[in-house]
Amino acid sequence: MMMRVLGLLFSAMLALSACATPPPEPQLGPDGKPLPKVYRIRATETAKIQYRMLDSVNSLREAAGRPPVQLNAKLNAAAATHSRDMSIQNRPWHFGSDGSSPIDRVRRVGYEGELVGENISETYETELETLAAWMEEPATRDVILSPKARQMGFSWLQEPNGKIWWTLVMGE
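Please read these numbers as outputs of a predicted model, since none were measured by experiment.

> Requested: an account of the overall build of the protein chain, with residues and values cited.
The secondary structure content of the protein chain amounts to 6 helices and 4 strands. By residue count, 41% of the 172 residues in the protein chain fall in the buried class. About 10600 Å² of surface is accessible on the protein chain, with carbon and sulfur atoms providing 60% of the total.

> Describe the sheet that holds strand 3 (residues 151-158), naming the residues involved and giving the relevant values.
The strand order across the open sheet built from 4 strands is 1-3-4-2, with neighbouring strands paired in mixed fashion. Two strands close off the open sheet at either side, each with one partner strand: strand 1 (70-71) and strand 2 (115-123). Sheet topology places strand 2 next to strand 4 (residues 164-171); 8 bridges connect them, and they run antiparallel. Among the inter-strand pairings, S121 is bridged to a residue of strand 4, identified as W166. Lying on the sheet, helix 2 (residues 46-63) is in contact with strand 1, strand 3 and strand 4; it crosses strand 3 at an angle near 135 degrees. Packing of helix 3 (residues 73-89) onto the sheet brings it into contact with strand 1, strand 2, strand 3 and strand 4, and relative to strand 3 it is tilted by some 30 degrees.

> An account of the nonpolar core is needed here, citing residue identities and associated values.
Core analysis: the biggest nonpolar cluster contains 22 residues, and V57, M152, F154, W166 and L168 have the highest contact counts within it. Among the elements of the structure, helix 2, helix 5 (127-136), helix 6 (138-144), strand 3 and strand 4 are those that each provide at least two residues to this core. Excluding anything up to four places from it in sequence, F154 contacts I49, Q50, M53, N76, A79, E127, W134, W166, T167 and L168. L75, A78, V106 and V169 belong to the second largest nonpolar core, which has 6 residues in total.

> Residue-level account of the confidence of the model for the protein chain, with values.
Caution applies to low-pLDDT regions: their predicted coordinates should not be interpreted in detail. Per-residue pLDDT for the protein chain has a mean of 87; in total, 83% of the residues score no lower than 70. This stretch, residues 14-21, has a pLDDT under 50; its non-local contacts, to residues over four places away or in other chains, come to 0 contacts.

> Kindly report on helix 2, identifying the contributing residues and their values.
With 18 residues, helix 2 extends 26 Å between its outermost C-alpha atoms, agreeing within 8% with the 26 Å of an ideal straight helix rising 1.5 Å per residue. I49, Q50, M53, L54, S56, V57, N58 and R61 are the residues of helix 2 that are buried. The inward-facing, buried residues of helix 2 abut strand 1, helix 3, helix 5, helix 6, strand 3 and strand 4. Positive backbone phi, approximately 75 degrees, marks G65, located one or two places after helix 2.

About the cut-offs
Every chain is numbered on its own, with residues counted from 1 as its sequence reads. Only residues with pLDDT of at least 70 are given local features in this predicted model, and only at 80 or more are side-chain atom pairs given and counted; all residues enter the totals for whole chains, interfaces and linings. Hydrogens and water are ignored here; the side-chain numbers use all heavy atoms of the structure. Numbered from the N terminus, helices here are DSSP runs of H or I no shorter than four residues, and strands are runs of E no shorter than two. Exposure categories follow from relative accessible area, calculated using a 1.4 Å probe and restricted to protein chains: below 20% of the type maximum is buried, above 50% is exposed, and the middle band is partly exposed. Note on areas: Shrake-Rupley, 1.4 Å probe, and residue coverage restricted to the protein chains presented here. Here the rule is simple: two strands pair whenever DSSP picks up at least two bridges between them. Every residue pair with non-hydrogen atoms within 4.5 Å of one another is taken to be in contact. The convention used is that axes are lines fitted to C-alpha atoms, helices contributing only their stretch in contact, and that angles between N-to-C directions extend from 0 to 180 degrees. Put simply, a nonpolar core is a bunch of buried Ala, Val, Leu, Ile, Met, Phe, Trp, Tyr and Cys residues held in one set by side-chain atoms that sit within 4.5 Å of each other. You can read pLDDT as the predictor saying how much it trusts each residue, on a scale of 0 to 100. Multiplying 1.5 Å by the residue count of a helix minus one yields the expected span of that helix.

In structure tokens, the structure reads:
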């Protein structure tokens, strides 16, 4: 009797496992590579993302023998303003729709230190994937690893379609 019950139970499990749907095949782009999955940022994740980026930047700076930087609320505000403006303009570049430069933007928010540099990106990738891409380019890597930098601002704007406009600002 026990063998019959176990046999029925095993058969039922086997039948149910055959009904399970396989995982969906990844969608492929024109180049044949899988399309990226959209990284969605919740409003409640702002501080977590900013501190994760700060920790990552400081780890890279430490490995390069550079002093750590601190998050600065004014530089965060300048970064947020520029991320919104790039979205409105629908292009990643360092000039605001009013012709403002990164220096103008940090002055407008009341930052009294000197601007070291600004890194920007238009992507669907996470902040750490974006940081990795910035580290691959000499000009953006130099901003992150500048020995003069002591303060950092970091912000973004995510559009409803998932596109993210990232801005990192470094100051003395």
